[in-house]
Amino acid sequence: MFDIRVRLGAVLRIDAADRYQPSDGPVTLWVTGVRLVVNRPEREQWIWVEGIKLSPGGCRGSQAQILVRASLLPPAGSAR
């Protein structure tokens, strides 16, 4: 059972190790959507995080959907 809360508009720094099959290094993402995954890899819980990639300077980049480890996201009741 997932117990994840992520605010829309939050900015997440996602390391390559927290992504499923990353094609590049770490990503900073301005969150515009979050959804649970039915076809997640076995033995781990994963969440699709959707949003806009941000450059190190804060400029907006391309739209992205990134499959991240659920453990990266805070549980209900914690602030992020």
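Counting restarts for each chain, with residues numbered from 1 along the sequence as it is written. Given that the model is predicted, a residue must reach a pLDDT of at least 70 before its local features are reported, and side-chain atom pairs must reach 80 or more before they are shown or counted; all residues, however, enter totals for whole chains, interfaces and linings. Only hydrogens and water are set aside; all other atoms, that is, all heavy atoms of the structure, feed into the side-chain values.

(A) Just the overall build of the protein chain, in detail. Runs of E in the DSSP output that reach at least two residues are strands. Runs of H or I that reach at least four are helices, and both are numbered from the N terminus. Secondary structure summary: the protein chain contains 0 helices and 4 strands in total. Scanning the protein chain from its N terminus toward the C terminus, one meets helices and strands in the order β-β-β-β. Buried means the residue's accessible area, taken with a 1.4 Å probe over protein chains only, is under 20% of the maximum for its type, while exposed means over 50%, and partly exposed covers the values in between. Counting the 80 residues in the protein chain, one finds 32% classified as buried. Contacts in the protein chain between residues at least 24 apart in sequence constitute 42% of all its contacts with a sequence separation of at least 6. Exposure was quantified through the Shrake-Rupley algorithm and a 1.4 Å probe, taking into account, for residues, occlusion by the shown protein chains and nothing else. Carbon and sulfur atoms form 51% of the exposed surface of the protein chain, whose accessible area is close to 5,200 Å². In what follows, residue pairs with any heavy atoms lying within 4.5 Å of each other are defined as contacts.

(B) View of the side chain of aspartate 18. As for its placement among the helices and strands, aspartate 18 is situated in the loop between strand E1 (11–14) and strand E2 (27–36). In this tally Asp and Glu are treated as negative and Lys and Arg as positive; neither His nor the chain ends contributes. The term salt bridge refers to a side-chain nitrogen of Lys or Arg lying within 4 Å of a carboxyl oxygen of Asp or Glu. Summary of buried charges: aspartate 18 has no salt-bridge partner, and the nearest side chain of opposite charge, arginine 69, is 4.1 Å away. With near-sequence residues (within four places) excluded, aspartate 18 lies in contact with Trp46, Leu67, Val68, Arg69 and Leu72.

(C) Summary view of the sheet that holds strand E4 (residues 60–69). Being paired, for any two strands, means DSSP has found at least two bridges between them. One open sheet accounts for 4 strands, arranged E1-E2-E3-E4; its pairing is antiparallel. Of all the strands in the sheet, the pair left with one neighbour each is E1 and E4. With strand direction ignored, the average angle separating the axes of adjacent strands in the sheet is 45°. Pairing of strand E3 (residues 46–54) with E4 involves 8 bridges; the strand directions are antiparallel. Its bridge partner being in E4, tryptophan 48 is matched across the sheet by leucine 67. Where helices are involved, their axes are fitted lines through C-alpha atoms of the stretch in contact, as for all axes, and angles between N-to-C directions lie from 0 to 180°.

(D) The arrangement of unusual backbone geometry in detail. Within the chain, glutamine 21 stands out as a residue other than glycine whose phi angle is a positive 50°. One can find glutamine 21 in the loop between E1 and E2.

(E) How the structure looks around the nonpolar core. Judged by nonpolar contacts, the single largest core of 13 residues is most densely connected at Ile14, Val49, Ile66, Val68 and Leu73. Listing elements by their share of this core, those giving two or more residues are E1, E2, E3 and E4. Nonpolar cores were defined as sets of buried Ala, Val, Leu, Ile, Met, Phe, Trp, Tyr and Cys residues, with membership established by side-chain atoms within 4.5 Å.

(F) How the structure looks around the pairing of E2. Across 4 bridges, the pairing between E1 and E2 is antiparallel. If you follow leucine 12 over to E2, its bridge partner there is leucine 29. Judged from the 8 bridges that link them, E2 and E3 form a sheet pairing that is antiparallel. Its bridge partner lying in E3, valine 31 is registered against glycine 51.

This is a description of form; function is not addressed.
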